[in-house]
Amino acid sequence: MKEKLKKILPWLILIFIISSLTVWYFLSKRVTDTQRNNYDEKIKAAELNYNGKEYSKAINEYYEATEIIPQELKAYQGIVDILLLKNRIDQAVAITRESTRALTAEDRSYLYKSIGDYYYGSNDYQKAKEMYQEGLSLGVVNIDAELMLGKALINIGRVDDGRKQIEKNRYEGDSAVEANLLLSYIYALTDVEKAKSQIGSM
């Protein structure tokens, strides 16, 4: 009996440790009512300051909100939006890379797309491409980022790569219209009939 106990004791201890860590992990992720209320108050105050163009106050409120519930997107999105508005792009990139690890991969990808869109709007298509790729490298499905990546590739002269990127996905709504028009234009460079067929599929 003692011999059997000696054999299974390490396993029992391991199971206990794993169970304890699992419980601790889920408890640490749980948001209390107090945290939720405090977070919502900070977000509301930040949005009021943002709408009043009190950006320094707004960003401080957003930062405080991230300390209350670090795993929610809204506060980080507010921070990134203000930094981009102020053309503090390096800070926006640094925060997205280093300070948002508590977010889901999908939420982080959304932030990377916001930064990519900023670069794209500034005609810095190479940097835009890098941000879209960094967000997509998180292993998420982000159709809007996929389309923008294709457009960025086309704008830096990698037309074939851009075409392949756009062809990879099935788009909906306005994105579908834009994707079809882009593909039709690219096809028209070498195959007019294929371009007509693409337009006909809209």
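For the structure, see preceding data.
Next up on the list: the overall build of the protein. Broken down by element type, the protein carries eleven helices and zero strands. Going from N to C terminus, the protein has its helices and strands arranged as α-α-α-α-α-α-α-α-α-α-α. When each of the 202 residues of the protein is scored for burial, the buried share is 36%. Of the contacts made within the protein by residues no fewer than 6 positions apart, 47% connect residues no fewer than 24 positions apart. With the model as given, the accessible surface of the protein reaches about 12700 Å², and the carbon-plus-sulfur share is 54%.

In a soluble, globular protein the nonpolar side chains are often hidden away together inside. In this structure, Tyr62, Ile115, Tyr119, Tyr120 and Tyr132 are the most contacted members of the largest nonpolar core, which totals 37 residues. When contributions to this core are tallied by element, the ones reaching two or more residues are α2 (33–51), α3 (55–68), α4 (73–85), α5 (89–98), α6 (105–121), α7 (125–136) and α8 (143–155). Considering each element in turn, this core owes the most residues, eight residues, to α4. Filtering out sequence-adjacent residues up to four positions away, Tyr62 remains in contact with Ile43, Ala46, Glu47, Lys74, Ala75, Gly78, Ile79 and Ile82. Formed by seven residues, the second largest nonpolar core is a distinct cluster that contains Leu147, Ile166, Ala179 and Tyr187.

Moving on, we get to the packing of α2 against α3. To describe two helices that pack against each other, one gives the angle between their axes and the distance between the axes. At a minimum axis distance of 8 Å, the contact between α2 and α3 shows a crossing angle of 165°. Comparing their axes, α3 and α2 come out roughly antiparallel. Once α2 is placed against α3, the crossing between them reads as left-handed. Contact residues: α2 offers Gln35, Asn38, Tyr39, Lys42, Ile43, Ala45, Ala46, Glu47, Asn49 and Tyr50, while α3 offers Tyr55, Lys57, Ala58, Glu61, Tyr62, Glu64, Ala65 and Ile68.

Moving on: the packing of α4 against α6. Contact pair α4 / α6: the axes reach a minimum separation of 11 Å and the direction vectors enclose 15°. Considering their axes alone, α4 and α6 lie roughly parallel with respect to each other. Crossing angle aside, the handedness with which α4 passes α6 is right-handed. Judged by residue contacts, Leu73, Tyr76, Gln77, Val80 and Leu84 of α4 engage Asp107, Tyr110, Leu111, Ser114, Ile115 and Tyr118 from α6.

Although it is not a glycine, Lys53 adopts a positive phi angle of roughly 60°. Look at Asn87: it is not a glycine, yet its phi comes out positive at around 60°. Considering the arrangement of structural elements, one finds Asn87 in the loop between α4 and α5.

Along the polypeptide, Tyr187 turns up in helix α10 (residues 173–188). Sequence separation of Tyr187 and Arg163 is 24 residues, and the distance between their C-alpha atoms is 8.9 Å.

Rules behind the numbers
- Residues numbered from 1 in each chain as written.
- Predicted model: local features only at pLDDT ≥ 70, side-chain atom pairs only at ≥ 80, totals over all residues.
- Heavy atoms only, no water.
- Helix = DSSP H or I, 4+ residues; strand = E, 2+ residues; numbered from the N terminus.
- Buried < 20%, exposed > 50% of the residue type's maximum accessible area, 1.4 Å probe, protein only.
- Contact = heavy atoms within 4.5 Å.
- Areas by Shrake-Rupley, 256 points an atom, 1.4 Å probe, with all protein chains shown as cover.
- Core = buried A, V, L, I, M, F, W, Y, C linked by side-chain atoms within 4.5 Å.
- Axes fitted to C-alpha atoms, helices over the stretch in contact; angles between N-to-C directions.
- Parallel < 35°, antiparallel > 145°, perpendicular 65-115°, else oblique.
- Left-handed = near helix turned anticlockwise from the far one by under 90°.

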